[in-house]
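A closer look at the structure
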Amino acid sequence: MSRFWSPAIQSLVPYTPGEQPQVEGLIKLNTNENPYPPAPAVEAVLRNFDTERLRLYPDPECLALKQALADNAGLTHDQVFVGNGSDEVLALTFMALLRQQQPILLPETTYSFYNVYIDLFDIDARHIPLTDQYRIDLEAYSGENGGIIFANPNAPTGISIDLKTISALLERNTDSVVVVDEAYVDFGAQSATQLVNHYPNLLVVQTFSKSRSLAGMRVGFAFGHPQLIEALERVKNSFNSYPLDMLAQQTAIAALQDETYFDQSIQRIIDTRTWTTTKLESLGFEVLPSHTNFVFTRHPDIAATELMQYLRDNKILVRHFTKPGIDNHLRISIGTDEEMQALISCLKSYPGI
Ligand SMILES: *Cc1c(COP(=O)(O)O)cnc(C)c1O
């Protein structure tokens, strides 16, 4: 703290991302990164890139990328917004659409970055508990509100909501924006993208970080009615006109166009998730049903913090949250088959498992 800081910054509690230690031989299952490389066309873009072009600014509108995303989703480019990772898209969403008179509604247990934005932008919010099955109960999201935001599948539980339930929410809630954060949707859940043409208050947010293996490039996007997109553009252009560099724009397009590679790597992760779930259950763990590239799990007899430390001592990193209600769970990203075999062997060797 310093007397030179802006007053509002003194009390800010920033988001804590999963650690990225530079240790040889570490098995990193703590930040939901994709264990497989991006599509081969991404490497081709980087190899063939003309360095001389870097003296120019990138396209501030990212039109080629927006068009590629629109084509892929069956939408038009004015229904697409892109940003420097979906974290930035979400930040702009909170600023542009969720700062209202009424409190916004969101799950009590969800992606913890939402609460950081709520504090940063001084937004009034009502947190709605998950059910005792760790599910989001959209029936409970009712009454006047300044907007609704949730992750589907939810984080860190991994549980998804079906499209019918989301449509029903949109039918009831027509006077405020509904934001669905679909960071993990490609790993087996139903996307609300197809509802964008039917509900002018729906914003769907996705990312290239997980299913497209481009966490290091920082590309996120949103689909919504052109008027919602315009609000995001207004805030973006009041803050940073060039959030996506040339390489990010081009590699994202390349990653998007290789559908065969995409489908294959998704299927590999789903298969490994199924294997991991079965193995964990056979060791006595309870595993929530996941539609993501991670599993959320607990052992009924052993504290999560103990297990996390044991794994860490054996060079395997997983994520633990201290939040009451989920503080005895571990979030374990799905890595390669070899990495998950190492995880299972390590857990098997824990005294008492
Ligand atoms: C990972 C994640 C994001 C952010 O992803 P970016 O890398 O910033 O695109 C957003 N929402 C949820 C729920 C996530 O898990």
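Residues numbered from 1 in each chain as written. Predicted model: local features only at pLDDT ≥ 70, side-chain atom pairs only at ≥ 80, totals over all residues. Heavy atoms only, no water.

It is worth spelling out the sheet that holds strand 9 (residues 286-287) at this point. Sheet architecture is open: 3 strands sit in the order 9-10-12, paired in antiparallel fashion. With one partner strand each, in any of the chains shown, strand 9 and strand 12 (330-333) form the two edges of the open sheet. Sheet topology note: the strand 10 (residues 294-298)/strand 12 ladder contains 4 bridges and is antiparallel. Paired with Phe296 across the bridge in strand 12 is Arg331. Those strands touched by helix 9 (residues 259-282) are strand 9 and strand 10, and its axis lies near 10 degrees from that of strand 10. (Pairing = 2+ DSSP bridges. Helix = DSSP H or I, 4+ residues; strand = E, 2+ residues; numbered from the N terminus. Contact = heavy atoms within 4.5 Å. Axes fitted to C-alpha atoms, helices over the stretch in contact; angles between N-to-C directions.)

This part covers the packing of helix 10 (residues 304-313) against helix 11 (residues 337-348). Remark: helix 10 packs on helix 11, axes separated minimally by 10 Å, with the N-to-C direction vectors making an angle of 120 degrees. As helix 10 packs across helix 11, the resulting crossing turns out to be right-handed. Contacts between helix 10 and helix 11 involve Leu307, Tyr310 and Leu311 from the former and Leu343, Cys346 and Leu347 from the latter. Grouping the amino acids of the contact of helix 10 with helix 11 by side-chain chemistry returns 6 nonpolar, no polar and no charged. (Left-handed = near helix turned anticlockwise from the far one by under 90°. Nonpolar A, V, L, I, M, F, W, Y, C, P; charged D, E, K, R; others polar.)

Let us look at the domain arrangement of the protein chain. When its domains are assigned, the protein chain resolves into domain 1 (2-37 + 260-348) and domain 2 (56-258). On a C-alpha basis, the centres of domain 1 and domain 2 stand 23 Å from each other. Surface buried jointly by domain 1 and domain 2 totals about 2500 Å² across both partners, of which 64% is contributed by carbon and sulfur atoms. Of all residues in domain 1, Tyr15, Phe262 and His291 give up the largest surface area on contact with domain 2, accounting jointly for 28% of the area buried on that side. Applying the counting rule to domain 1 against domain 2 returns 0 salt bridges. Joining domain 1 to domain 2, the criterion identifies 11 residue pairs in polar contact (both at pLDDT 80 or more). (Domains from an automatic or database assignment. Buried area = accessible area lost by both parts, 1.4 Å probe. Salt bridge = Lys/Arg side-chain N within 4 Å of Asp/Glu carboxyl O. Polar contact = N/O pair within 3.5 Å; in protein donor to acceptor, adjacent residues only side chain to side chain.)

This paragraph deals with the site of the ligand. In the vicinity of the ligand, the contacting residues are Gly85, Ser86, Asp87, Leu90, Tyr111, Asp181, Ala183, Tyr184, Thr207, Ser209, Lys210 and Arg218. Backbone polar atom of Asp87 to an oxygen atom of the ligand: 2.9 Å apart, as the coordinates give it. Interatomic distance of 2.7 Å between a side-chain N/O atom of Arg218 and an oxygen atom of the ligand. Contact with the protein chains covers 93% of the free accessible surface of the ligand, which is 380 Å². More than half of the atoms of the ligand fall within 2 Å of the grid points belonging to the largest pocket. Counting residues per element, the shell around the ligand draws most heavily on helix 4 (residues 85-97), which supplies 4 residues. Taken together, the residues of the shell around the ligand sort by class into 4 nonpolar, 4 polar and 4 charged. (Near = heavy atom within 4 Å. Areas by Shrake-Rupley, 256 points an atom, 1.4 Å probe, with all protein chains shown as cover. 1 Å grid on protein atoms, 1.4 Å probe; cavity = no way out; pocket = protein on both sides within 12 Å on 5 of 7 lines; lining within 4 Å. Sits in = over half its atoms within 2 Å of the grid points.)

Taking the UniProt record as the reference, the feature "domain: Aminotransferase class I/classII large" (unreviewed entry) is found at residues 26-345. For residues 26-345, helix accounts for 37% and strand for 15%, while the C-alpha atoms at its two ends are 15 Å apart. (UniProt positions renumbered as here; feature names shortened; annotations may be inferred.)

So, about the UniProt feature "modified residue: N6-(pyridoxal phosphate)lysine" (unreviewed entry) in the protein chain. Taken from the UniProt record, the annotation "modified residue: N6-(pyridoxal phosphate)lysine" (unreviewed entry) applies to Lys210. As for its position among the elements, Lys210 is in the loop between strand 7 (202-207) and strand 8 (220-224). A polar contact of 3.4 Å, which involves the side chain of Lys210, links it to the side chain of Tyr184.

A separate point is unusual backbone geometry. A negative phi angle characterises most non-glycine residues, just as the trans form characterises most peptide bonds. Going from Asn152 to Pro153, the amide bond is cis rather than trans, its omega being -5 degrees. By the element assignment, Pro153 lies in the loop between strand 5 (148-151) and helix 6 (163-172). With a phi angle near 55 degrees, Asp122 is a residue other than glycine that sits in the positive phi range. The residue Asp122 is located in the loop between helix 5 (113-120) and strand 4 (125-128) in this model. Positive phi is not limited to glycine here, since Arg218 has a value of about 65 degrees. The topology assignment puts Arg218 in the loop between strand 7 and strand 8. Judged by relative accessible area, which is 29%, Arg218 ranks as partly exposed. (Buried < 20%, exposed > 50% of the residue type's maximum accessible area, 1.4 Å probe, protein only.)

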